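# Topology and contacts: notes
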Amino acid sequence: MASALQPLVSTCILLGPAGHANLGPVLMPHPESSPSPAPPVVEFEHVGLRYGVGPEVLRDLKLTLPPSSFHFLTGPSGAGKSSLLSLLYLSRMPSRGRLSIFGEDVAKADRRTLTLLRRRIGVVFQDFRLFDHLSVVDNASLPLRIAGRDPQESRTNVVELLDWVGLGGLLDARPPTLSGGQKQRLAIARAVVARPKLLLADEPTGNVDDQLAVRLLYLFEALHRMGTTVVIATHNMSLVERFAYPELRLDDGQITRLPAKAARLL
Ligand SMILES: Nc1ncnc2c1ncn2[C@@H]1O[C@H](COP(=O)(O)OP(=O)(O)OP(=O)(O)O)[C@@H](O)[C@H]1O
Ligand SMILES: [Mg+2]
């Protein structure tokens, strides 16, 4: 069976520098896609988050992210971007309000449901969170192992993906020997390798140059075109302008949804 990963890398190649190639014929349907209408991937209803007894860092958020949408998450340092993402990857629960992920009210979900939800989510953490004792290729393969896929069978595709992010020559290296930008690219490869239904990336291009940042964005764009819902927290406004997806702007704990930059200029 052809791996689900293969079209991801070939889609990136087709996207290339132009980024707007017609990809219709090369895209395989997502393993989980179905013709029936799907619920929103994310739904915030009056959600608030506070740490301990401190003030609310997120206040009364109301937001719906439909399947296959792509959003940038922006806002000044300390605005709450990482906090919002931590709600989405189910590391924290809202202090108030209702948060649904894939149609499940997270406050009512039992542990098994939360585990299954987490398996559908890929995360690029701001601080990478790699496993130092595992090689580059083993770190990148981890989500496939957790999903029960045969590591030998998927190795070729993992290597192809690592090649795409520029780590093809470092397959056996351990994370402590990598530069910040190399760690970041490994974290990205690990987040996308199992083609999650929801991809959350926290400042995923903060450690790489502009050219590489664009290349990595193609990877997220390729996933999005195959049906993944993507949320990317970033301070890099040139990427936000270049890729022209809508922006969720956080300020003082509240969110404003802005249309894609290009559309705003019309
Ligand atoms: N674990 C924590 N305990 C207490 N307060 C926290 C914690 N994590 C974040 N905060 C506070 O929540 C607010 C939002 O922080 P957060 O890290 O979400 O911002 P951010 O938008 O991701 O910032 P940056 O752009 O610098 O990454 C800040 O005031 C921060 O001090
Ligand atoms: Mg942050």
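One structure accompanies this document, and this report is about it.

Scoring rules and cut-offs
Residues numbered from 1 in each chain as written. Chains lettered and ligands numbered in written order. Predicted model: local features only at pLDDT ≥ 70, side-chain atom pairs only at ≥ 80, totals over all residues. Axes fitted to C-alpha atoms, helices over the stretch in contact; angles between N-to-C directions. Helix = DSSP H or I, 4+ residues; strand = E, 2+ residues; numbered from the N terminus. Parallel < 35°, antiparallel > 145°, perpendicular 65-115°, else oblique. Left-handed = near helix turned anticlockwise from the far one by under 90°. Contact = placed C-beta atoms within 7 Å. Nonpolar A, V, L, I, M, F, W, Y, C, P; charged D, E, K, R; others polar. Buried ≥ 20, exposed ≤ 12 C-beta atoms within 10 Å, placed from the backbone. Pairing = 2+ DSSP bridges.

## Digging into the packing of helix H4 (residues 136–146) against helix H6 (residues 180–192)
- Two elements in contact, H4 and H6, have axes whose closest approach is 6 Å; the angle formed by their N-to-C orientations is 30°. When the axes of H4 and H6 are compared, the pair comes out roughly parallel. The crossing of H4 and H6 is right-handed. For the pair H4 and H6, the contacting residues are Val136, Asn139, Ala140, Leu142 and Pro143 in the first and Leu186, Ala189 and Arg190 in the second.
- Per-class residue counts for the contact of H4 with H6 are 6 nonpolar, 1 polar and 1 charged.

## Digging into the environment of Gln182
- Locating Gln182 in the fold gives a position in helix H6.
- Since 19 C-beta atoms lie within 10 Å of it, Gln182 is described here as partly exposed.
- Taking the C-alpha atoms as reference points, Gln182 and Gly166, separated by 16 residues in sequence, lie 8.1 Å from one another.
- Not counting chain neighbours up to four residues away, the residues in contact with Gln182 comprise Leu167 and Leu170.

## Observations concerning the sheet that holds strand E4 (residues 96–101)
- Strand order in this open sheet of 4 strands is E2-E1-E4-E5, and the pairing throughout is antiparallel. Where the open sheet ends on each side, the last strands, each with one partner, are strand E2 (56–65) and strand E5 (104–105).
- Relative to E2, strand E1 (residues 42–50) runs antiparallel, the two sharing 6 bridges. Paired with Leu49 across the two strands is Leu58, which belongs to E2.

All we've got here are geometric facts, nothing functional implied.
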